[in-house]
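Here are the chains, one letter per residue:
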Amino acid sequence: MPNVLVFCEFTGDQLKNGSLELLTLAKNSGNPVTALLIGDDCSLAAKKAAHYGAHKVIVSSDDSLKNYNSEVFSDLVSRAIIEASSNIVLASSTTLAKDLFPRVAARLNAGLASDCVSIDLQDEKLTVKKPLYSDKCTAEVTFQNSEQKIVLMRANQLPIGEPDSTASAETSSLAVESTNLSTIIKDIVKGTSETLDLTEANIIVAGGRGLRDKEGYKILEPLAKTLGATLGASRAIVDAEWVPHSYQVGQTGKTVAPSLYIACGISGAIQHLAGMTGSKVIVAINKDPEAPIFKKATYGIVGDVFEVVPKLTEEFKNLL
Ligand SMILES: Cc1cc2nc3c(=O)[nH]c(=O)nc-3n(C[C@H](O)[C@H](O)[C@H](O)COP(=O)(O)OP(=O)(O)OC[C@H]3O[C@@H](n4cnc5c(N)ncnc54)[C@H](O)[C@@H]3O)c2cc1C
């Protein structure tokens, strides 16, 4: 029976949705599940990991772990995988994980598949699927000759189970051993946004050059607020400095997979589509009926964003 380790990312006592999805998946597979948490204070999040199905929890809590450091984290994760005798390692395909796990894979000589959209833990060979070439095709990846198989899954692909607040897990701790580091992170300045990061958001309202200018982009804010959505953008308006780069969706921005993606005044260039075609429902608003975004849209509204967006916002306000 494979031993599954889930690397959990968290803030305070809140595990990220991607981690909750993977804990649920691992629990439902019937395999022994170990959760790994690394940070300055993991105690509350560790309890949550048990509620969502971890049988064992390995925590590495230390003041020095407040900020991510690739050298320290890759050492801790590699040691945790060995300590837990895990042969399947799951993590959400976040920016942190995409930096961390190639290092872990190299240390352990393990197989690694990142940015996956489907996985079957019952499959002995562990076959996963991942989109390639800007979502133009999907690769089926199987692991060969690797004792440990590491899979990074895109968030919002899997259901999250109900927590069992009475569940507890055997907990062990892992001490920091790395010294003489070549880099240290002294400070991280957090953004001001209070909404979920784009990669985790369930609803995204994204804008493009059709919004005319920085002021025009602001018509999306009431819509996003009404829906509890995260704001996104095309690269054209990030390059024009209407919004920060953290808003960018696409090939050179973030890959997202929300339940609902509302594209406002975005043409649907291939590089933009590369980041958002995993969305479950896509609504496109564009005044050009020939805009490529309509080929990917579940619902298309041919019209002026400055007329359609305020009307939609009002309708949603009445509904919600
Ligand atoms: C290597 C490379 C990487 C790239 N990476 C990315 C990436 O990660 N993400 C990304 O988004 N792009 C990326 N791009 C850029 C991409 O090719 C496009 O240039 C960009 O996505 C276009 O942004 P846009 O849709 O906002 O603007 P445009 O293509 O100019 O489209 C604006 C749209 O708004 C519509 N419109 C205009 N006025 C209105 C109105 N009043 N009401 C309704 N609709 C209106 C127009 O009909 C048009 O379809 C990349 C390009 C390259 C070469």
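Residues numbered from 1 in each chain as written. Predicted model: local features only at pLDDT ≥ 70, side-chain atom pairs only at ≥ 80, totals over all residues. Heavy atoms only, no water.

Quick word on the environment of Asp-62
Then, in step 1: As for its placement among the helices and strands, Asp-62 is situated in the loop between β5 (56-61) and α3 (70-83).
Then, in step 2: Residue classification places Asp-62 among the partly exposed positions, given a relative accessible area of 31%.
Then, in step 3: A C-alpha to C-alpha distance of 33 Å links Asp-62 and Met-1, two positions 61 residues apart in sequence.
Then, in step 4: Discounting chain neighbours no more than four positions away, the residues touching Asp-62 are Gly-39, Asp-40 and Val-176.
Then, in step 5: In this structure the side chain of Asp-62 is engaged in a polar contact, spanning 2.8 Å, whose partner is the side chain of Ser-64. (Helix = DSSP H or I, 4+ residues; strand = E, 2+ residues; numbered from the N terminus. Buried < 20%, exposed > 50% of the residue type's maximum accessible area, 1.4 Å probe, protein only. Contact = heavy atoms within 4.5 Å. Polar contact = N/O pair within 3.5 Å; in protein donor to acceptor, adjacent residues only side chain to side chain.)

Remarks on the domain arrangement of the protein chain
Then, in step 1: Looking at the assigned domains, one finds that the protein chain contains domain 1 (4-173) and domain 2 (203-319).
Then, in step 2: Distance from the C-alpha centre of domain 1 to the C-alpha centre of domain 2: 31 Å.
Then, in step 3: Here domain 1 is connected to domain 2 by zero salt bridges.
Then, in step 4: Across the domain 1-domain 2 interface, the total number found is two residue pairs in polar contact (both at pLDDT 80 or more).
Then, in step 5: Per-class residue counts for the side of domain 1 that touches domain 2 are one nonpolar, three polar and three charged. (Domains from an automatic or database assignment. Salt bridge = Lys/Arg side-chain N within 4 Å of Asp/Glu carboxyl O. Nonpolar A, V, L, I, M, F, W, Y, C, P; charged D, E, K, R; others polar.)

Section: the site of the ligand
Then, in step 1: By nearness alone, 24 residues border the ligand, and Arg-209, Ser-234, Thr-252, Ser-267 and Gln-271 come closest of all.
Then, in step 2: A distance of 2.9 Å separates an oxygen atom of the ligand from a polar backbone atom of Arg-235.
Then, in step 3: Within the contact set of the ligand, a nitrogen atom lies 2.9 Å away from a backbone nitrogen or oxygen of Val-305.
Then, in step 4: In isolation the ligand offers 990 Å² of accessible surface; the protein chains occlude 75% of this area.
Then, in step 5: Judged by the proximity of its atoms to the pocket grid, the ligand belongs to the second largest pocket.
Then, in step 6: Secondary structure elements with two or more residues in the shell around the ligand: α7 (235-239) and α8 (270-276). (Near = heavy atom within 4 Å. Areas by Shrake-Rupley, 256 points an atom, 1.4 Å probe, with all protein chains shown as cover. 1 Å grid on protein atoms, 1.4 Å probe; cavity = no way out; pocket = protein on both sides within 12 Å on 5 of 7 lines; lining within 4 Å. Sits in = over half its atoms within 2 Å of the grid points.)

Digging into the packing of aromatic side chains
Then, in step 1: Throughout the structure, instances matching the rule amount to three aromatic pairs.
Then, in step 2: Ring centres of Phe-7 and Phe-101 lie 5.5 Å apart, and the angle between their planes is 75°; on these two criteria the pair is classed as edge-to-face. Here the residue Phe-7 occupies a position in strand β1 (residues 4-8), and Phe-101 occupies one in helix α4 (residues 95-108), the gap between them amounting to 94 residues. Take Phe-7 and Phe-101: they sit in the same class, and that class is buried. (Phe/Tyr/Trp six-rings, centres within 6.5 Å; stacked < 30°, edge-to-face > 60°.)

Focus on the pairing of strand β14 (residues 230-233)
Then, in step 1: Neither face of β14 is left uncovered, since the one carrying Thr-230 and Gly-232 and the one carrying Leu-231 and Ala-233 both have all their residues buried.
Then, in step 2: Bridge count for strand β13 (residues 203-207) against β14 is four bridges, and the pairing is parallel. Across the sheet, residue Ala-206 finds its bridge partner in β14, namely Gly-232. (Pairing = 2+ DSSP bridges.)

Description of the layout of surface pockets
Then, in step 1: Its volume calculated, the second largest pocket comes out at about 450 Å³.
Then, in step 2: Forming the boundary of the second largest pocket are 28 residues, of which Arg-209, Ser-234, Ala-236, Ile-266 and Ser-267 lie nearest the centre.
Then, in step 3: Elements that contribute at least two residues to the lining of the second largest pocket include exactly α7, α8, β16 (281-286) and α10 (305-319).
Then, in step 4: Taken together, the residues of the lining of the second largest pocket break down into eight nonpolar, 15 polar and five charged. (Points joined across faces, edges and corners; volume = space filled by probe spheres on them.)

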